[in-house]
Amino acid sequence: MKAATKPFTSIALLAACIFCGHSSPAASPVKLSGTMVLDGNVSSAKISPDGSWVIYTADQDTDGTEEIYSVPITGGVDPTKLNGIMAAGAEIWSYVVTPDSGRVVYLGDQDTHNVEELYSVPVDRSAAPTRLNSALTAGGTVAQFELSPNGAFVVYRADVMVDEKFELYMTNMTTFARKKLNAIMADNRDVFGFAISPDSTTVVYLTDRQTNDVFELYSVPITGGASPQKLSGTLVANGNVESFGLSPDSTTVVYAADQDTVDVRELYSTSISGSGSPVKLNDTLVAGGDVGLFDFSPDSATVVYTADQDTDGVVELYSVPAGGGTATRISGALGASGHVESFSVSPDGSLVAFQLGPAWDSLQLYSVPIAGGVSPTRLNGDLRPGGTVVWLQLGPQISPDSRWVLYEADQETDAVELYCAPLAGGEARKISGQMVSGGDVQMLWWPKFTPDSKSVLYEADQDLDGVTELFFNGVRVGASRRINSVLPGGGVKGFDITPDGKQVIFAASQDTVDVYELYRTWLPAPLGQGMLLLLLGE
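Residues numbered from 1 in each chain as written. Predicted model: local features only at pLDDT ≥ 70, side-chain atom pairs only at ≥ 80, totals over all residues. Heavy atoms only, no water.

What follows concerns the overall build of the protein. In terms of helices and strands, the protein carries 2 helices and 40 strands. A compact globule built from 538 residues would reach a C-alpha radius of gyration of about 24 Å, and the protein, at 26 Å, matches this within 12%. By its C-alpha atoms, the protein is 85 × 60 × 40 Å across when sized along the principal axes. Per-residue burial for the protein yields a buried fraction of 53% across its 538 residues. Across the protein, every contact between residues at least 6 apart in sequence was considered, and the portion connecting residues at least 24 apart equals 44%. Summed over all atoms, the accessible surface of the protein reaches about 22500 Å², with 54% contributed by carbon and sulfur. Between the centroid of the 32 positive side chains of the protein and the centroid of its 64 negative side chains there is a distance of 8 Å. (Helix = DSSP H or I, 4+ residues; strand = E, 2+ residues; numbered from the N terminus. Rg over C-alpha atoms; globule rule 2.2 N^0.38 Å. Buried < 20%, exposed > 50% of the residue type's maximum accessible area, 1.4 Å probe, protein only. Contact = heavy atoms within 4.5 Å. Areas by Shrake-Rupley, 256 points an atom, 1.4 Å probe, with all protein chains shown as cover. Lys, Arg positive; Asp, Glu negative; His and termini not counted. Charge placed at Lys NZ, Arg CZ, Asp CG, Glu CD.)

What follows is the structure, given as structure tokens:
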């Protein structure tokens, strides 16, 4: 009979774990960064695509001089400085790791203070850095760069030949051969922005090549060798292309422009090759109406956009075939004060999550099928008077498996807390733990799902007001757990999850007050989740 009581004891203990309101620490973190000079700090960090390396920037050796380092994620060895000798006060501004995790591309004023240039270096520093850009004219700088998705090319915008004349260039990452991509243009003309197609074959860019301060859209093969093709249609006098996006299948470009009527922003679709004429995607706009945000569905078949298309000042959500056709309002009929502030398309392309309210500080969260046809479903719980779902400029965060969506809200009290709701509708679950007085989930570092969509990491001053820490919880069940060790002060600033979802890195003032160093730790299974699923037979 005693043996028969054990399962009940296990279930009771499990229930105590699942519904416990206090955060409990995970495994002890391992420090990855090197010894910091006085007042030195880690400022950013990334995990390589294969999960084996951590690349970070810090003024580790000289206060005020931001340099770039790599270290195996396992730790146990000193980090390796990747950059060359830095000019005094220099800084690494941005960096990416190649898809094969073999090299790091970084932008910084390494050789001359305030002259940003582009470099590539093996991730283990087995060879010295190679400068990727051509020699710059006096006063020149590299303003922007992007690595092609296949890692074979880096494209950058720089004033190489004439100061303040920014043009478009490509460097082959194998041979380091360089080529200018844009056509010849006058010295008072520029390339203003660009994007590489997902298949790494084409660069789309914005330029005023033909008429000064009239911005038009072009495409060119990433390897050069062919004349750029103009993609945007003939613009009305004083019209401009304002923004653009590329389809996931690399065939289509959608752009917003006041192409037909000055100061009326509309949405157009065209072939990335420049063949054919652009097609207007939005329906006729009401007087005063404009198109706002837009994005492709993952299958490239549909474009979702916001516009005050039917009523001036009432921004609604629409979907339309990417090649043109009838636009469908999917946000439902909104009152005079309605306004869609942001949206995200689910990874499987079936649903759109969007934030709606009379103002950015009075929002609720909804989802709707991308094709419309039904009323949107509200996802957040009832808000207290004055409560709101926190505005997300980049749109609601949807899990990789398209089942869940996160939102932050002062739903129950004046504390901002974290919730997870089924994307298709259902009861939202609070992910964050019990907040200390004055505590909130932090909005600077957005919460993240693990790659398997089963867990969430977030930052909050949950246990001690003013001390931001890193927490972990399961989507379905579990209690919030602290990832970092006890902090003497300061807090956690930023984190990243390995591609397999098993480890996390984070910057924290864990060992010394206000000295931010880099740590790695293993992520546990959500508290109680594995045992509960076992008992349920899942």
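For the rest of this paragraph, the subject is the sheet that holds strand 35 (residues 455–460). The strand order across the open sheet built from 4 strands is 34-35-36-37, with neighbouring strands paired in antiparallel fashion. Both edges of this open sheet fall to strand 34 (448–449) and strand 37 (481–482), since each of them pairs with a single strand only. Here 2 bridges tie strand 34 to strand 35, and the two strands are oriented antiparallel to one another. Residue pairing for strand 35: F449 is matched across the bridge by V456. (Pairing = 2+ DSSP bridges.)

Turning next to the sheet that holds strand 27 (residues 351–359). Overall, antiparallel pairing links the 4 strands, which are arranged 26-27-28-29 in an open sheet. The sheet terminates laterally at strand 26 (340–345) and strand 29 (377–378), the two strands that pair on one side only.

With that settled, the discussion passes to unusual backbone geometry. The backbone of S402 sits at a positive phi, close to 65°, despite the residue not being glycine. Position of S402 relative to the elements: it lies in the loop between strand 30 (397–398) and strand 31 (404–409).

Okay, the environment of G225 next. Position of G225 relative to the elements: it lies in the loop between strand 16 (216–221) and strand 17 (229–230). A sequence separation of 97 residues divides G225 from A128, and the C-alpha atoms of the two residues are 30 Å apart.

What follows deals with the pairing of strand 10 (residues 142–147). Here 5 bridges tie strand 10 to strand 11 (residues 153–158), and the two strands are oriented antiparallel to one another. Counted as the bridge partner of Q144 is R157 from strand 11. Here strand 10 folds back onto strand 11, and the loop between the two strands holds 5 residues, one of which, G151, carries a positive phi near 75°.

Now for the side chain of E417. Along the polypeptide, E417 turns up in strand 32 (residues 417–422). Polar contacts involving the side chain of E417 include one to the side chain of K430, which spans 3.2 Å. With residues up to four places along the chain from it excluded, the contact list for E417 reads Y407, E408, A409, E412, K430, S432, G433, M435 and V441. (Polar contact = N/O pair within 3.5 Å; in protein donor to acceptor, adjacent residues only side chain to side chain.)

Moving on: the packing of aromatic side chains. Per the counting criterion, the structure on display carries 11 aromatic pairs. When the centroid spacing of 5.3 Å and the interplanar angle of 20° are considered together, the rings of Y106 and Y119 count as stacked. Taken together, the residues Y106 in strand 7 (residues 103–108) and Y119 in strand 8 (residues 117–122) connect sequence positions 13 residues apart. Pair check on accessibility: Y106 and Y119 agree, each one buried. Ring plane angle 20° and centroid distance 5.5 Å describe the contact between Y156 and Y169, whose orientation is recorded as stacked. (Phe/Tyr/Trp six-rings, centres within 6.5 Å; stacked < 30°, edge-to-face > 60°.)

Burial analysis of strand 19 (residues 252–257) places 6 of its 6 residues in the buried class, which makes it a mostly covered element. Of the two faces of strand 19, the one carrying T252, V254 and A256 and the one carrying V253, Y255 and A257 are both buried. If you look at the hairpin formed by strand 18 (residues 241–246) and strand 19, you'll find 5 residues sitting between the two strands, and S250 has a positive phi there, around 65°.

Once that is clear, we can look at the pattern of salt bridges. If you walk through the whole model with that rule in mind, you get 19 salt bridges. The partner of K31 in a salt bridge is E517, and the shortest N-O contact between them spans 3.2 Å. In this pair, K31 is assigned in strand 1 (residues 30–31) and E517 in strand 40 (residues 517–522), connecting sequence segments 486 residues apart. When the shortest N-O distance is used, the salt bridge between K165 and D187 registers 3.3 Å. Taken together, the residues K165 in the loop between strand 11 and strand 12 (167–172) and D187 in the loop between strand 13 (178–180) and strand 14 (191–196) connect sequence positions 22 residues apart. K165 sits in the buried class, given a relative accessible area of 7%. When salt bridges with common partners are traced through the structure, they connect K31, D511 and E517 into a single cluster. (Salt bridge = Lys/Arg side-chain N within 4 Å of Asp/Glu carboxyl O.)

Right, let's talk about the side chain of E408 for a bit. Positionally, E408 belongs in strand 31. No salt bridge is formed by the buried E408; its nearest oppositely charged neighbour, K448, is found at 12 Å.

Next up on the list: the environment of Y56. Position of Y56 among the secondary structure elements: in strand 3 (residues 53–58). A sequence separation of 332 residues divides Y56 from T388, and the C-alpha atoms of the two residues are 36 Å apart. Not counting residues up to four positions away in its chain, the partners in contact with Y56 are S33, G34, V42, S44, A45, E67, I68, Y69, V71, P79, Y95 and L518. A distance of 2.6 Å separates a polar atom in the side chain of Y56 from a polar atom in the side chain of Q60.

A few words now on the confidence of the model for the protein. Per-residue confidence for the protein gives a mean pLDDT of 91, with 92% of residues at or over 70. Confidence drops under a pLDDT of 50 for residues 1–24, and excluding neighbours within four residues, the segment shows 26 contacts in the predicted structure. Note that pLDDT drops below 50 for residues 528–538; the model gives that stretch 16 contacts with residues more than four away or on any other chain. (pLDDT = per-residue confidence, 0-100.)

A few words on the environment of T223. If you trace the backbone, T223 turns up in the loop between strand 16 and strand 17. Setting aside anything within four residues of it in sequence, one finds T223 in contact with F153, M170, K179 and L181.

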